[in-house]
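These are the residues of each chain, in order.
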Amino acid sequence: MATATATPAALPLRRSRTWLWVVVVILLLVGVQLAFSRTSGFPTGWRLGIENTIDQIPGWLRSNRRTHPMFVYFLQPLSAGINGGLELVESVLKAIPWFVFCAIAAFILLRAGRVWAALLAIVGVLYFGVVGLWEEGLETLALMGVAVAIALLIGIPLGIWAAFNRRVERALRPILDSMQVLPAFVYLIPVVLLFGIARVPATIATVIFALAPAVRLTTLGIKQVPQAVLEAAEMMGTTRRQKLFKVQIPIAMPTILAAVNQTIMLALGIVIIASLIGAGGLGTQVLNSLQRFQVGQAFEAGIAVVVMAILLDRLSRTFVERPEPGQIPWYRSRRVLWIGLGIIVLLALAGLVAGVREFPDQWRVSFARPIDSAVDWAQNNLYLIGNTGLGTKALNEFLNVSILNPLRDLLTFLAWPVLILFTGFICWKAGGGLLAVFAMISLFVIGVLGMWELALDTLTQVLVAVVLALAIAIPVGVWSARSNRVRTLLTPLLDTLQTIPSFVFLVPVIMLFSAGRVPGIIASVLYAIPPGIRLTDLGLRSVPAETLEAAECFGSTPRQMLWKVQVPLAMPTIMAGVNQVVMLALSMVVVGGLVGGGGLGFESVRALTRGETALGVKAGLAIVLMAMILDRLTQAWAARMQPTPAAA
């Protein structure tokens, strides 16, 4: 049955109505601006006086910590169990001789047929001992290992349950969306209130942050098992339990192992940030060095974090990549497995008997002093290059004076109702009335929380970071899609950028720029561009070959084919990349508060370090609302650009 479609005669009418709406909205906003022109910022009299109520929460928690059933029967046993697990894992790791870690990493990669990767893994493990960060590395590894184990013990069963129960999946979806949207800083605030400052709350925050991919990918893997396989299993008389454990889980295992990989990488990222609440390990080294502006020590610890991230990523990927049945190479045979395990056990026993556990002190080398000298040289020579007016100082001043300050002044000049109504209009055009109402209410809540000016400052930094990241990501993604050689060269770089925890991006940036908003923005660009490049490349390469051949038959030039065929068809995927860029930029700008970025990020850091509960809750809630608005808005625009099937 044919459906009604827009006729050519109706298109001008539709466009005229669109322009009419635009004119009406502009006139309305101008009228509101004139009516509220004397209003400076959000009305202070409308702010919610919740500071005293929130500040009473820590006192109530402290006074009831030993008597309230919530603590006695749940939180305290949970804390004791996690702390016992941390101590056990850490003691086991510290009891293992240092060279056994080299053997384990090399053996796992050799089993995957990666000789060069195995050699590099040995060098990476040795790096921790050479720079004197062996103990800190084991502390981080222990905390992350316990957190990942808990996340998988919760996430995989939940994912299996959601795969079989649509109600559970629907109930989990908004929770998982929120967990992935929220910046990592936000998790720390409620966890600190309940558990204080120590390794246990850091572990719990890590579990919450890393749980989402374990649930999602497990559900996806179970659902992707072919229906024909399930029907064959049923015909053979298998029970539901047998079908799950002998058919569905084995077939879904590659996807589940991919969930393990993603959980590990997310856990490592927040473990470093969790150093703000006493996680210890490598994160504390980076944080303390940055706060003291000891860039050399921060660089050493930052490289250690990067090395650990790359090692864990590569090691966990080896379990995902499985050879085809019947094509198992000799180095993956069971005999080689048992021989390798035997050698590792013998090495461990030999080291324990000889009393060789810790990394030799005489092998330690510090790179901090040469790096500090290089930083001094860079700041003296690159911050301002001679009398040319060029250098990082010029870029710093340009971004601050010519872009950030004018944009912030413009946003603060506009009356608060204008910003709320304009945001509502944009959201209405993108996703309809519900999204518009949600966005306007969220902005109003940010205002009554007293976070209006700080939110505008953060929004300014996010917008600049997103524009810069997209200005790099989209052209590079187009270039990558049109050249396999470029894609091959970009792959290791993008893998590295996506593997590095967000915290570490601040280290090289602070070497060249003074503390402030600009280092956070530059780090945000570096952190956010990989998904923009990858998804632009993916979208352009996913355009059907038949469509391209048809365009060639009509005589399209390569330029016309790109802009009039490939880009329009790839726009939904590109917009998904824009969504990822926006969310990563927001999370990184918040992290930029560690180096004086200002806005909500700085207030979150100050609240955590000084124990200002009310400020932390308000800043965290404002960040959550802003993240949800930006996420839903970009997702709505991506959905609008999805191609609709032609009407029959």
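Scroll up for the structure.
Here we summarise the structure given alongside this text. (Residues numbered from 1 in each chain as written. Predicted model: local features only at pLDDT ≥ 70, side-chain atom pairs only at ≥ 80, totals over all residues. Heavy atoms only, no water.)

**Some details on the overall build of the protein**
Right, on to step 1. Helix and strand content of the protein: 26 helices and 0 strands.
Right, on to step 2. The C-alpha atoms of the protein give a radius of gyration of 27 Å, which matches the 26 Å a tight globule of 648 residues would have.
Right, on to step 3. Across its three principal directions, the C-alpha atoms of the protein cover 85 × 65 × 60 Å.
Right, on to step 4. A separation of at least 24 residues holds for 81% of the contacts in the protein among residues at least 6 apart in sequence.
Right, on to step 5. Accessible surface for the protein amounts to roughly 32,900 Å². Of this, 66% is attributable to carbon and sulfur atoms.
Right, on to step 6. The centroid of the 48 positive side-chain charges in the protein is displaced by 7 Å from the centroid of its 31 negative side-chain charges. (Helix = DSSP H or I, 4+ residues; strand = E, 2+ residues; numbered from the N terminus. Rg over C-alpha atoms; globule rule 2.2 N^0.38 Å. Contact = heavy atoms within 4.5 Å. Areas by Shrake-Rupley, 256 points an atom, 1.4 Å probe, with all protein chains shown as cover. Lys, Arg positive; Asp, Glu negative; His and termini not counted. Charge placed at Lys NZ, Arg CZ, Asp CG, Glu CD.)

**Some points on helix H16 (residues 392–413)**
Right, on to step 1. The end-to-end C-alpha distance of H16 is 30 Å, a good match for the 32 Å that 22 residues give at a rise of 1.5 Å each.
Right, on to step 2. If you look at H16, its biggest bend is around 35°, right at Leu404, and the proline Pro406 turns up within four residues after that.
Right, on to step 3. For H16, every residue scored as buried is listed here: Thr392, Asn396, Leu399, Asn400, Leu404 and Leu411.
Right, on to step 4. In this structure, the buried residues of H16 make contact with helix H17 (416–431), helix H19 (452–482), helix H21 (506–512) and helix H22 (517–541). (Expected span 1.5 Å × (residues − 1). Bend = angle between axes of the 7 residues up to and from the residue. Buried < 20%, exposed > 50% of the residue type's maximum accessible area, 1.4 Å probe, protein only.)

**Considerations on the packing of aromatic side chains**
Right, on to step 1. The final tally for this structure, using the stated rule, is 15 aromatic pairs.
Right, on to step 2. Seen from their ring centres, Phe42 and Trp416 are 4.8 Å apart, and the 50° between their planes marks the pair as tilted. Placement of Phe42 in the loop between helix H1 (10–35) and helix H2 (51–64) and of Trp416 in helix H17 is noted, with a sequence separation of 374 residues between them. Across the pair, Trp416 and Phe42 agree in class, each one buried.
Right, on to step 3. Site record: aromatic cluster; members linked through ring pairs are Trp98, Phe99, Phe101, Trp134, Phe359 and Trp363.
Right, on to step 4. A cation over a ring is seen here: Arg240 above Phe164, with NZ or CZ 5.5 Å from the ring centre. (Phe/Tyr/Trp six-rings, centres within 6.5 Å; stacked < 30°, edge-to-face > 60°. Lys NZ or Arg CZ within 6 Å of the ring centre and 35° of its normal.)

**So, the pattern of salt bridges**
Right, on to step 1. Tallied over the full model, the rule gives 14 salt bridges.
Right, on to step 2. Of the charged contacts, one joins Asp457 and Arg517 as a salt bridge, the two residues approaching to 3.9 Å between their closest N and O atoms. Remark: Arg517 occurs in helix H22 and Asp457 occurs in helix H19; sequence separation between them is 60 residues.
Right, on to step 3. In this structure, Asp537 engages Arg487 in a salt bridge whose closest nitrogen and oxygen atoms are separated by 3.3 Å. Of this pair, Asp537 sits in helix H22 while Arg487 sits in helix H20 (residues 484–499), and the two are 50 residues apart along the sequence.
Right, on to step 4. Here Asp537 falls in the buried class, since its relative accessible area comes to 3%.
Right, on to step 5. Arg487 gets classed as partly exposed once you look at its relative accessible area, which sits at 37%.
Right, on to step 6. Three or more residues joined by partner-sharing salt bridges are found here, namely Glu90, Lys94, Glu135 and Arg199. (Salt bridge = Lys/Arg side-chain N within 4 Å of Asp/Glu carboxyl O.)

**Things to note about helix H14 (residues 334–354)**
Right, on to step 1. The terminal C-alpha atoms of H14, which comprises 21 residues, lie 30 Å apart, in line with the 30 Å expected from a rise of 1.5 Å per residue.
Right, on to step 2. Listed as buried for H14 are Gly340, Ile344, Ala348 and Gly351. Down the axis of H14, the buried set is contained in an arc of 75°. They therefore lie on one face. Exposed residues pointing more than 90 degrees away from the buried face of H14 are listed as Arg334, Arg335, Trp338, Leu346, Val353 and Ala354.
Right, on to step 3. On its buried face, H14 sits against helix H4 (98–111).
Right, on to step 4. Remark: Gly355 follows H14 within two positions and exhibits a positive phi of approximately 75°. (Arc of directions from axis to C-beta.)

**Quick word on the packing of helix H3 (residues 69–95) against helix H9 (residues 199–223)**
Right, on to step 1. Where H3 meets H9, the axes come as close as 9 Å, and the angle between the chain directions of the two elements is 95°. By the angle class used here, H3 and H9 are roughly perpendicular. Residue-level contacts link Leu78, Ser79, Ile82, Asn83, Leu86, Glu87 and Glu90 of H3 to Arg199, Val200, Thr203 and Ile204 of H9.
Right, on to step 2. Taken together, the residues that form the contact of H3 with H9 break down as 5 nonpolar, 3 polar and 3 charged. (Axes fitted to C-alpha atoms, helices over the stretch in contact; angles between N-to-C directions. Parallel < 35°, antiparallel > 145°, perpendicular 65-115°, else oblique. Nonpolar A, V, L, I, M, F, W, Y, C, P; charged D, E, K, R; others polar.)

**Some points on the packing of helix H10 (residues 227–235) against helix H11 (residues 240–273)**
Right, on to step 1. Put simply, H10 and H11 touch, their axes get as near as 11 Å, and they point 160° apart. For the element pair H10 / H11, the angle class is roughly antiparallel. Crossing handedness for the pair H10 and H11: right-handed. Within the contact between the two elements, H10 uses Val229, Leu230, Ala233 and Glu234 and H11 uses Lys243, Val247, Gln248 and Ile251.
Right, on to step 2. Tallied by class, residues from the contact of H10 with H11 come to 5 nonpolar, 1 polar and 2 charged. (Left-handed = near helix turned anticlockwise from the far one by under 90°.)

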